[in-house]
Amino acid sequence: MRKVIGIGETILDIIFRDDQPVGAVPGGSVFNGLISLGRVGVNAMFISETGNDRVGRRIIRFLEENHVDASCVSVYPESKSPISLAFLNEQNDAEYIFYKDHPHDRLDFNFPDIQTDDIVMFGSFYAVNPVIRPLVFAFLEYARSKGAILYYDVNFRASHANEVIKVTPNILENLEFADVVRGSKEDFEVMYKKSDADSIYRSQISFYCKNFIYTKGAEPLELRAQGDVSKQYPIAALKTTSTIGAGDNFNAGFVYGLVKYGITREMLERGVLESQWNQVIAEAQAFSANVCQSIHNSVDLNFAAKKKQELEVCLKEMEENN
């Protein structure tokens, strides 16, 4: 089976409602998606770093329990593992405060084996952080040279708004590496003061990457893709418990869809059929909707078992047809 390799931060999310803690779950943008992919039976690996403390040990254990290879998670004895406080409002959207030991930011790992059409997920400030950029860049370049699909979730938050100019060269390099770019309305308002999908695609994305997904919370998402595909997908009305992890699991569902329906890098470069986009986006929306209905950052085990079964059937059919 194709591998999915994620590179990103690890963090412990402490979740508050009405200013009282209601849960503490291991998290991180790419991390949340990888946990869901491990649960649905995708061959998943995570590249990151953590501290040698109780939080760090819990994070590594959590990865392993959810069938994600943690062998490329570096543990640094003198670092404290980061935590975030997530305060849920009446709409169950979160406002974050991050506590991170930034002077000890570093990354050190051996590049894993990557084969053609394996998928690399990357994004957030982690993917543009100047301190670890040289190794992140080298890894993305390596993955690209091996024929992997690179999926970039911009995920650029307001807390880093004052650093946009400093990291713009890194953002542009990431766009150039990517086969698929996803960004939210908030990301592009922070980065470019723009909110129109066509304007963002034409002026900021299409020169670097032809496949672009633009999400706007409960509003319809926009797809712009190779072959002049321009499409809008409605978002089903949903009673949410927490929107933490909604975007991360959209990413997981999208990547799951690429594996399930046999979408290759060559197909993405040539142009994917609209019917195939519909299938992949439907998976992304299903994963995202599931995670919004609990306080957890990844899909629940019942949903995961169903999706794992579907994946096994599809992969078996593909194998028989080849």
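As a reminder, the structure under discussion sits directly above these lines.
Notes on the structure in this doc start here. (Residues numbered from 1 in each chain as written. Predicted model: local features only at pLDDT ≥ 70, side-chain atom pairs only at ≥ 80, totals over all residues. Heavy atoms only, no water.)

### Observations regarding the packing of helix α1 (residues 29-39) against helix α2 (residues 54-65)
Axis separation between α1 and α2 bottoms out at 9 Å; the angle between their running directions is 35°. Residues Phe31, Ile35 and Arg39 of α1 touch α2, and the partners they reach there are Ile59, Phe62 and Leu63. A breakdown of the residues in the contact of α1 with α2 according to their chemical character gives five nonpolar, no polar and one charged. (Axes fitted to C-alpha atoms, helices over the stretch in contact; angles between N-to-C directions. Helix = DSSP H or I, 4+ residues; strand = E, 2+ residues; numbered from the N terminus. Contact = heavy atoms within 4.5 Å. Nonpolar A, V, L, I, M, F, W, Y, C, P; charged D, E, K, R; others polar.)

### With respect to the nonpolar core
In this structure, Val4, Leu37, Val40, Phe46, Leu63, Phe254 and Trp277 are the most contacted members of the largest nonpolar core, which totals 48 residues. Considering each element in turn, this core owes the most residues, seven residues, to helix α7 (residues 246-260). Setting aside residues no more than four positions away along its own chain, Trp277 makes contact with Asn211, Leu223, Ala225, Val229, Tyr233, Phe254, Leu268 and Val272. Counting residues in hydrophobic clusters, the runner-up holds 43 residues, among them Phe125, Phe139, Val167 and Tyr201. (Core = buried A, V, L, I, M, F, W, Y, C linked by side-chain atoms within 4.5 Å. Buried < 20%, exposed > 50% of the residue type's maximum accessible area, 1.4 Å probe, protein only.)

### With respect to the sheet that holds strand β3 (residues 20-27)
Across the sheet, four strands lie side by side as β3-β2-β6-β7; this open sheet has mixed pairing. Edge strands, defined here as strands with exactly one partner in the open sheet, are β3 and β7 (94-99). Strand-to-strand twist of the sheet, defined as the mean angle between neighbouring strand axes without regard to direction, takes the value 20°. Relative to β7, strand β6 (residues 83-88) is paired through six bridges, and the arrangement is antiparallel. Note that in β7 the partner of Ile83 across the bridge is Tyr99. (Pairing = 2+ DSSP bridges.)

### Brief notes about empty space enclosed by the protein
By the definition in use, this model includes two cavities of 30 Å³ or more. Reported here for the second largest cavity is a volume of approximately 40 Å³. Lining the second largest cavity we find Ser29, Val30, Met121, Phe122, Tyr151, Asp153 and Asn251. Counting only elements with at least two residues in the lining of the second largest cavity, the list comes to α1, β8 (119-123) and β9 (149-153). Class assignment of the residues belonging to the lining of the second largest cavity gives a composition of four nonpolar, two polar and one charged. (1 Å grid on protein atoms, 1.4 Å probe; cavity = no way out; pocket = protein on both sides within 12 Å on 5 of 7 lines; lining within 4 Å. Points joined across faces, edges and corners; volume = space filled by probe spheres on them.)

### Section: the pattern of salt bridges
In this structure the tally under the stated criterion is 21 salt bridges. A single network of salt bridges, built from pairs that share partners, joins Lys260, Glu283, Lys306, Lys307 and Glu310. (Salt bridge = Lys/Arg side-chain N within 4 Å of Asp/Glu carboxyl O.)

### Observations concerning α1
Counted residue by residue, α1 has 11 buried out of 11 residues, so it is predominantly covered. Along α1, the positions that sit buried rather than exposed are Ser29, Val30, Phe31, Asn32, Gly33, Leu34, Ile35, Ser36, Leu37, Gly38 and Arg39. In the stretch just after α1, Gly41 is the one whose phi turns positive, near 90°.

### Quick look at the packing of aromatic side chains
A complete count under the given rule lists 20 aromatic pairs for this structure. Ring plane angle 75° and centroid distance 5.7 Å describe the contact between Phe31 and Phe46, whose orientation is recorded as edge-to-face. Residue Phe31 is located in helix α1, and its partner Phe46 is located in strand β4 (residues 43-51); the two are separated by 15 residues in the primary sequence. Exposure remark for Phe31: the relative accessible area of 0% places this residue in the buried category. Looking at Phe46, the relative accessible area reads 0%, which means it is buried. Taken together, the aromatic side chains of Phe188, Tyr192, Tyr201, Phe212 and Tyr214 make up a single cluster linked through ring pairs. (Phe/Tyr/Trp six-rings, centres within 6.5 Å; stacked < 30°, edge-to-face > 60°.)

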